[in-house]
Amino acid sequence: DTAVSQTPKYLVTQMGNDKSIKCEQNLGHDTMYWYKQDSKKFLKIMFSYNNKELIINETVPNRFSPKSPDKAHLNLHINSLELGDSAVYFCASSQELGGTGPSNSYNEQFFGPGTRLTVL
Amino acid sequence: AQSVAQPEDQVNVAEGNPLTVKCTYSVSGNPYLFWYVQYPNRGLQFLLKYITGDNLVKGSYGFEAEFNKSQTSFHLKKPSALVSDSALYFCAVRDTGGGADGLTFGKGTHLIIQP
């Protein structure tokens, strides 16, 4: 009963290729995210998305694009892969709408296990 | 713009001693604050959060954190460290502006608990 799952776990590919990473959450959350963790373990938000808005971190190249076929999925497409794209990519989800407060699980982001992308 | 600072790359603590992992933040509005832990080759696990209410927040695995608005800090603490607490800890912040904003993470602090 994995809450947030990603496939594949490992992805090795050549420069210039186009690849996709899939993410699915079974928590019924309304918001999903993609983060990039580099070799120094720095974590940076790439995209956040709910059914009303897509927020894009301005530093993300337009070769990266999120695609959401439905509320439970947010896939990451990457065109023309470059060496610098090598990193671990994490998907996450949270419930943002419906209330806030310390005693509920709103606003907590649940992370997937990550996809290690290596570009050769 | 929001930011998080974790001033220590690494914290070493003897097993059984209290531990503190420091975090300070900067936001334009009111903050949502979080602590996450990452074990090697794993995703991030949620530990605790501060949204509103009591400044002392209790979370998973015996961890707690204190929100200090005047010092803009949210330090993670545990009264008695375990070797199994050794991991990479991230502090994160979100401005309470609403909408689908992602978290801004600190650079992480390696916590090493020595037997």
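Structural notes, computed from the coordinates. Just so it is clear, the structure is predicted and the values come from calculations on it, not from any experiment.

What to know about the overall build of chain A
- From N to C terminus, chain A includes 0 helices and 11 strands.
- Ordering the α and β elements of chain A from the N terminus gives β-β-β-β-β-β-β-β-β-β-β.
- When each of the 120 residues of chain A is scored for burial, the buried share is 44%.

Some points on the interface of chain B and chain A
- Taken residue by residue, the interface counts 22 residues in chain B and 29 residues in chain A.
- Around 1900 Å² of area is buried between chain B and chain A when both sides are counted, 57% of it from carbon and sulfur atoms.
- At the surface where chain B touches chain A, the tally comes to 1 salt bridge.
- Counting across the chain B and chain A interface gives 4 residue pairs in polar contact (both at pLDDT 80 or more).
- Every element with two or more residues in the side of chain B that touches chain A is listed here: strand 5 (31-38), strand 6 (44-50) and strand 10 (87-95) of chain B.
- Ranked by the residues each element gives to the side of chain B that touches chain A, the list is headed by strand 5 of chain B, at 4 residues.

Digging into the packing of aromatic side chains
All names here are of chain B.
- Applying the stated criterion across every chain, the model contains 14 aromatic pairs over all chains.
- A ring pair is formed by Phe63 and Tyr89, whose centres lie 5.6 Å apart and whose planes are at 45°; its orientation type is tilted. Within this pair, whereas Phe63 is found in the loop between strand 7 (56-58) and strand 8 (64-68), its partner Tyr89 is found in strand 10, the two being separated by 26 residues in sequence.
- Here Phe63 falls in the buried class, since its relative accessible area comes to 2%.
- The class for Tyr89 is buried, based on a relative accessible area of 0%.

Digging into the side chain of Gln6 of chain B
Residue and element names in this part refer to chain B.
- Inspection of the secondary structure assignment puts Gln6 in the loop between strand 1 (3-5) and strand 2 (10-14).
- Take Gln6: its relative accessible area is 2%, and that puts it in the buried class.
- At a separation of 3.0 Å, a polar atom in the side chain of Gln6 contacts the side chain of Thr109.
- If near-sequence neighbours (up to four positions away) are discounted, Gln6 is found in contact with Val21, Lys22, Trp35, Tyr89, Phe90, Cys91, Gly106, Lys107, Gly108 and Thr109.

Description of the pairing of strand 5 (residues 43-50) of chain A
Residues and elements named next belong to chain A.
- The buried fraction of strand 5 amounts to 6 of the 8 residues, a majority that puts the element mostly inside the structure.
- Relative to strand 5, strand 4 (residues 31-37) runs antiparallel, the two being bridged by 7 bridges. In the sheet register, Trp34 faces strand 5, and the bridge partner there is Phe47.
- Between the end of strand 4 and the start of strand 5, which pair antiparallel, lie 5 residues, with Lys41 showing a positive phi angle near 75°.
- Pairing geometry for strand 5 and strand 6 (residues 54-56), over 3 bridges, is antiparallel. Bridge pairing in strand 6 links Tyr49 to Leu54.

Remarks on the sheet that holds strand 8 (residues 73-78) of chain A
Residue and element names in this part refer to chain A.
- Strand order in the open sheet formed by 4 strands is 1-3-8-7, and the pairing between neighbours is antiparallel. For this open sheet the edge positions go to strand 1 (4-7) and strand 7 (64-70), each flanked by a neighbour on one side alone. The average angle at which neighbouring strand axes cross in this sheet is 20°, direction not considered.

The rules behind the values
Residues numbered from 1 in each chain as written. Chains lettered and ligands numbered in written order. Predicted model: local features only at pLDDT ≥ 70, side-chain atom pairs only at ≥ 80, totals over all residues. Heavy atoms only, no water. Helix = DSSP H or I, 4+ residues; strand = E, 2+ residues; numbered from the N terminus. Buried < 20%, exposed > 50% of the residue type's maximum accessible area, 1.4 Å probe, protein only. Contact = heavy atoms within 4.5 Å. Buried area = accessible area lost by both parts, 1.4 Å probe. Salt bridge = Lys/Arg side-chain N within 4 Å of Asp/Glu carboxyl O. Polar contact = N/O pair within 3.5 Å; in protein donor to acceptor, adjacent residues only side chain to side chain. Phe/Tyr/Trp six-rings, centres within 6.5 Å; stacked < 30°, edge-to-face > 60°. Pairing = 2+ DSSP bridges. Axes fitted to C-alpha atoms, helices over the stretch in contact; angles between N-to-C directions.

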